[in-house]
Amino acid sequence: MAKDVEKYVKKLKQKAIRMTSQRYAILEYLAVDGNHPTANEVYEYLKDDFPNMSVATVYNNLNFFKDAGIVNELSFGEDSSRFDLTETQHYHAICKYCGKVIDFNYPKLETVENDIEELTNFKVDAHEFKVMGICEDCQEKVMSNE
Ligand code: ZN
Ligand code: MN
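This report concerns the structure included in the present document. (Residues numbered from 1 in each chain as written. Chains lettered and ligands numbered in written order. Predicted model: local features only at pLDDT ≥ 70, side-chain atom pairs only at ≥ 80, totals over all residues. Heavy atoms only, no water.)

An order of E4-E3-E5 is seen for the three strands of this open sheet, with the pairing classed as mixed. With partners counted over all chains shown, the strands left at the sheet margins are strand E4 (101-104) and strand E5 (130-133), one partner each. Here the strands of the sheet are splayed against their neighbours by 20° on average, with no regard to which way each runs. Sheet analysis places strand E3 (residues 91-95) next to E4, joined by four bridges and oriented antiparallel. Residue pairing across strands places His92 opposite Asp103, the latter belonging to E4. (Pairing = 2+ DSSP bridges. Helix = DSSP H or I, 4+ residues; strand = E, 2+ residues; numbered from the N terminus. Axes fitted to C-alpha atoms, helices over the stretch in contact; angles between N-to-C directions.)

Here you go:
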């Protein structure tokens, strides 16, 4: 199952952003379920279809989507950031063996924001939360090797 690309295309059109076949292809790749690619991964995936495209072009387009509010830039403690096609606040569980990223929601974290506003008198407008561990598939592999 993939995210609905057309929904995001419509969003870009509302902002009068020009749609190119390259931008569309990047969106499609970002919409694949579970994908949180780096700019380099997007480039590797699309370079054969778009021989004139460079990593810099990909990076510019990703930043463009970010400014348009449909992509989040994430830091998972690696050298390059990862990009997430989303409009909603959600969190990530990252497998330390295979690098798989699972999205999850946890509405109780809104309570945490409210509590922190009271404690600090901040107006909180964002937070990050990620969980590291071993995914289900890798747990099975680890166990069958024992
Ligand atoms: Zn895994
Ligand atoms: Mn995500």
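Still more ground to cover, so stick around.
A full pass over the atoms with the stated rule returns eight salt bridges. Here Glu87 ties to Lys7 by a salt bridge, and the two come within 3.6 Å at their closest N and O atoms. In this pair, Glu87 sits in the loop between strand E2 (82-85) and E3 while Lys7 sits in helix H1 (residues 5-14), placing the two residues 80 residues apart along the sequence. Of the residues examined, Lys7 reaches a relative accessible area of 41% and is grouped as partly exposed. Residues joined in a network through salt bridges with shared partners are Lys7, Lys11 and Glu87. (Salt bridge = Lys/Arg side-chain N within 4 Å of Asp/Glu carboxyl O. Buried < 20%, exposed > 50% of the residue type's maximum accessible area, 1.4 Å probe, protein only.)

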